[in-house]
Amino acid sequence: MAYEAYFPRGIAAAEAFCNRVLERKRLAHNIETGQHTLLISPRRYGKTSLVNYVMQELHYPVGDADLFVAVDANHVEQKILASIKTIMKAVCSSTEQLLSLLRNYFSALETQWTIGTQGVNLVLQPNSSDGNVSTHIMNALLALEHLLQKKNKRAIIFLDEMQEIGSIEGGKSIEGAIRHVAQQSKQLSFVFSGSNRHLLQTMFFDKSRPLYKLCDKIKLERIHATDYVSHLKELAMKRWDCSLSEEALNAILSLTERHPYYVNSLCLRLWESDLSSPPTPKNIESMWLTFAAEEQLGIQQEFSKLNNSQQKVLIAIATGYNRRLTGKEFLQHINLSSSSVTAAIKHLKEQDYIQLLDDEYYLIDPLMTTVLSGVFR
C-alpha cells in the first residue's frame, strides 16, 4: 500500500489531513464574507494543505500563484495572470461568452489587451510594452472581479510566498495594485501566505506598506498532541491492526516536536518499514537517527550560511541553553558579548531558525536540533 496517502511529503488531503478545525472554519468564514486572509507560520507547517482543504470544502474556483521563483516583476505578472485565467475558465462554461465579456470590459480601458484562445488555453495579455506591471495586474484582477459579478460567483486568489514581491524592483507598486483591487472586491477573496514570517509581518503590518492591515491574520501553530494521538492511533490500526503504545506515541511527538512536516516524514518511514507489529520507542528513535544522518549534509550546508556568532548561539540552544541568553553565565559559556548574542538572536528569529515560547528559545527544525546537539560527533 502507498502509505504516502497517510503521510504525504507534500500537500496533505483527505485522511492525511489532521485537525486544523478552528483554522478551517475561520478561513472559510473569511472567504464567505469577503475578508482577505494572511496565513503565517514557519515553513512546512501545512499552509498550502489548509488552503487546498478549505477550497475543496467550499467548491469555489481558485487560482494559485507560487511566487517563490518569481525573480522580477514580469515573473510576478505572469504568475498572477495565469491564476486569473484559471479562475476565468472555471467560472465561464462558454468560451465565446468569456471572450465577449472580456473584450467588452477591456475595450473601455486606455491600454489594449490581447484576448483570445490558443488551443484550449485562454490568451490574456497586455499589448503595451511600457513595463507598467502593477497596472497590468490591477486591470486583470479588476476584469476578474467584473466577470465574477456578472456571473454572480465567488472565487479565491491564493498568493503563496508573497514576501518575494517585497524584494523585487517595483514590488511596492504591485502591492498597491493588489490593495486597490482587494479593497473594492465583492466576489474575489485574497489569501496570502509565505515562508518568511518576518518579511510578511513587515509587508502587512508596517504603516508605510500598501497592504497594511488589509487582512485577518491566521497564525498556524503546531497541531496539539491529543489530535495527533487520535490521528496516529487510527492510522496504526489500518497498518498493523492494533494501536500504538503510549510510549511510542510520546517518542514520535517528542522527537518531531509535533512539527507537521517531520511527523509525516518519520511516520511515513515507520509505516513503510517491514515491522510486523507497531514500532517501539527504540524502533522510532533508530528511524529518526537514520533520517537525521541522511539529512545531515543538507543541515550542515544550511548551518554554514550563518556567521560565527549565529552558529554559536544556535548550537547552544540546540544543546539545551534556552533561557536568559544575554545573562552573564550564558555569555561566559559562549564567549560572546551581549550585543553579539542579541544581534545573532535577532537574525535567527527573523530567518525562522528559532522561536521564543514561554520565555524559552527552541529551534524550529527538530531535525536540525538532533544534528547540532552532537549526536553524530
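Residues numbered from 1 in each chain as written. Predicted model: local features only at pLDDT ≥ 70, side-chain atom pairs only at ≥ 80, totals over all residues. Heavy atoms only, no water.

### With respect to the sheet that holds strand 1 (residues 37-40)
Taking strand neighbours across the sheet as the criterion, the 5 strands line up as 2-5-6-1-7 in an open arrangement whose pairing is parallel. On the outer flanks of this sheet lie strand 2 (62-66) and strand 7 (216-219), each paired with one strand and no other. Neighbour-to-neighbour, the strand axes of the sheet open up by a mean angle of 20°, direction not taken into account. Examined bridge by bridge, strand 5 (residues 155-160) and strand 6 (residues 188-193) share 5 bridges and lie parallel to one another. (Pairing = 2+ DSSP bridges. Helix = DSSP H or I, 4+ residues; strand = E, 2+ residues; numbered from the N terminus. Axes fitted to C-alpha atoms, helices over the stretch in contact; angles between N-to-C directions.)

### Considering the packing of helix 12 (residues 308-318) against helix 14 (residues 338-350)
It is at 9 Å that the axes of helix 12 and helix 14 come closest, and there the two elements cross at 80°. Viewed along their axes, helix 12 and helix 14 adopt a mutual orientation that is roughly perpendicular. Residue-level contacts link Ser 309, Gln 310, Val 313 and Leu 314 of helix 12 to Ser 340, Val 341, Ala 344, Ile 345, His 347 and Leu 348 of helix 14. By residue class, the composition of the contact of helix 12 with helix 14 is 6 nonpolar, 4 polar and no charged. (Parallel < 35°, antiparallel > 145°, perpendicular 65-115°, else oblique. Contact = heavy atoms within 4.5 Å. Nonpolar A, V, L, I, M, F, W, Y, C, P; charged D, E, K, R; others polar.)

### Details of unusual backbone geometry
With a phi close to 55°, Lys 213 is a non-glycine residue in the positive phi region. Turning to its location among the elements, Lys 213 is positioned in the loop between helix 7 (197-205) and strand 7. If you check the backbone angles, Arg 324 has positive phi at about 45° while not being a glycine. Along the chain, Arg 324 falls in the loop between helix 12 and helix 13 (328-334).

### A word on helix 5 (residues 133-151)
With 19 residues, helix 5 should reach 27 Å at 1.5 Å per residue; the first-to-last C-alpha distance of 27 Å fits that figure. In the stretch just after helix 5, Asn 152 is the one whose phi turns positive, near 55°. (Expected span 1.5 Å × (residues − 1).)

### Describing the environment of Lys 25
In this fold, Lys 25 is placed in helix 1 (residues 21-33). The spacing of Lys 25 and Asp 64 is 39 residues in sequence and 20 Å in space, taken between C-alpha atoms.

### Here we look at the environment of Glu 175
Within the secondary structure layout, Glu 175 lies in helix 6 (residues 171-184). A relative accessible area of 1% places Glu 175 in the buried class. Along the primary structure Glu 175 and Ser 100 are separated by 75 residues, whereas in three dimensions their C-alpha atoms are 29 Å apart. Excluding its chain neighbours within four sequence positions, the residues that come into contact with Glu 175 are Ile 165, Gly 166, Met 203, Arg 209, Pro 210 and Leu 211. Within the structure, Glu 175 has its side chain in polar contact with the side chain of Arg 209 (distance 2.8 Å). (Buried < 20%, exposed > 50% of the residue type's maximum accessible area, 1.4 Å probe, protein only. Polar contact = N/O pair within 3.5 Å; in protein donor to acceptor, adjacent residues only side chain to side chain.)

### Description of the packing of helix 8 (residues 225-240) against helix 10 (residues 260-272)
Contact geometry for helix 8 and helix 10: axes closest at 12 Å, N-to-C directions at 20°. The angle between helix 8 and helix 10 falls in the class roughly parallel. Helix 10 is crossed by helix 8, and the crossing has right-handed handedness. Here Tyr 228, Leu 232, Leu 235, Ala 236, Arg 239 and Trp 240 of helix 8 come into contact with helix 10, specifically with Pro 260, Val 263, Cys 267, Leu 270 and Trp 271. The residue inventory of the contact of helix 8 with helix 10, partitioned by class, reads 10 nonpolar, no polar and 1 charged. (Left-handed = near helix turned anticlockwise from the far one by under 90°.)

### Details of the environment of Glu 302
Position of Glu 302 among the secondary structure elements: in helix 11 (residues 281-303). The class of Glu 302 is partly exposed, set by a relative accessible area of 23%. The residues contacting Glu 302, other than those within four sequence positions of it, are Tyr 353 and Met 368.

### Some thoughts on the packing of aromatic side chains
Inspection of every chain in the model, using the stated rule, returns 14 aromatic pairs. Where Tyr 261 meets Tyr 262, the ring centres are 5.0 Å apart and the plane angle is 85°; that geometry is what we call edge-to-face. On the basis of relative accessible area, Tyr 262 is assigned to the buried category, the value being 4%. Taken together, Tyr 3, Tyr 6, Phe 7, Trp 240 and Trp 271 form an aromatic cluster joined through their ring pairs. Directly above the ring of Phe 205 sits Lys 217, whose terminal nitrogen or CZ lies 5.2 Å from the centroid. (Phe/Tyr/Trp six-rings, centres within 6.5 Å; stacked < 30°, edge-to-face > 60°. Lys NZ or Arg CZ within 6 Å of the ring centre and 35° of its normal.)

### What to know about the pattern of salt bridges
Under the definition given, this model contains 13 salt bridges. In this structure, the salt-bridge partner of Glu 221 is Lys 219, at a minimum N-O distance of 3.8 Å. Take Lys 219: its relative accessible area is 46%, and that puts it in the partly exposed class. (Salt bridge = Lys/Arg side-chain N within 4 Å of Asp/Glu carboxyl O.)

### Section: the side chain of Ser 83
Its location among the elements puts Ser 83 in helix 3 (residues 73-91). Side-chain polar atoms of Ser 83 contact the backbone oxygen of Ile 80, separated by 2.7 Å. Those residues in contact with Ser 83 that lie beyond four places of it in its chain are Gly 63, Asp 64, Ala 65 and Ile 157.

### Re the side chain of Ser 41
Looking at the element boundaries, Ser 41 is found in the loop between strand 1 and helix 2 (47-58). Polar contacts involving the side chain of Ser 41 include one to the side chain of Lys 47, which spans 3.2 Å. Excluding its chain neighbours within four sequence positions, the residues that come into contact with Ser 41 are Lys 47, Gly 194, Arg 197 and Leu 220.

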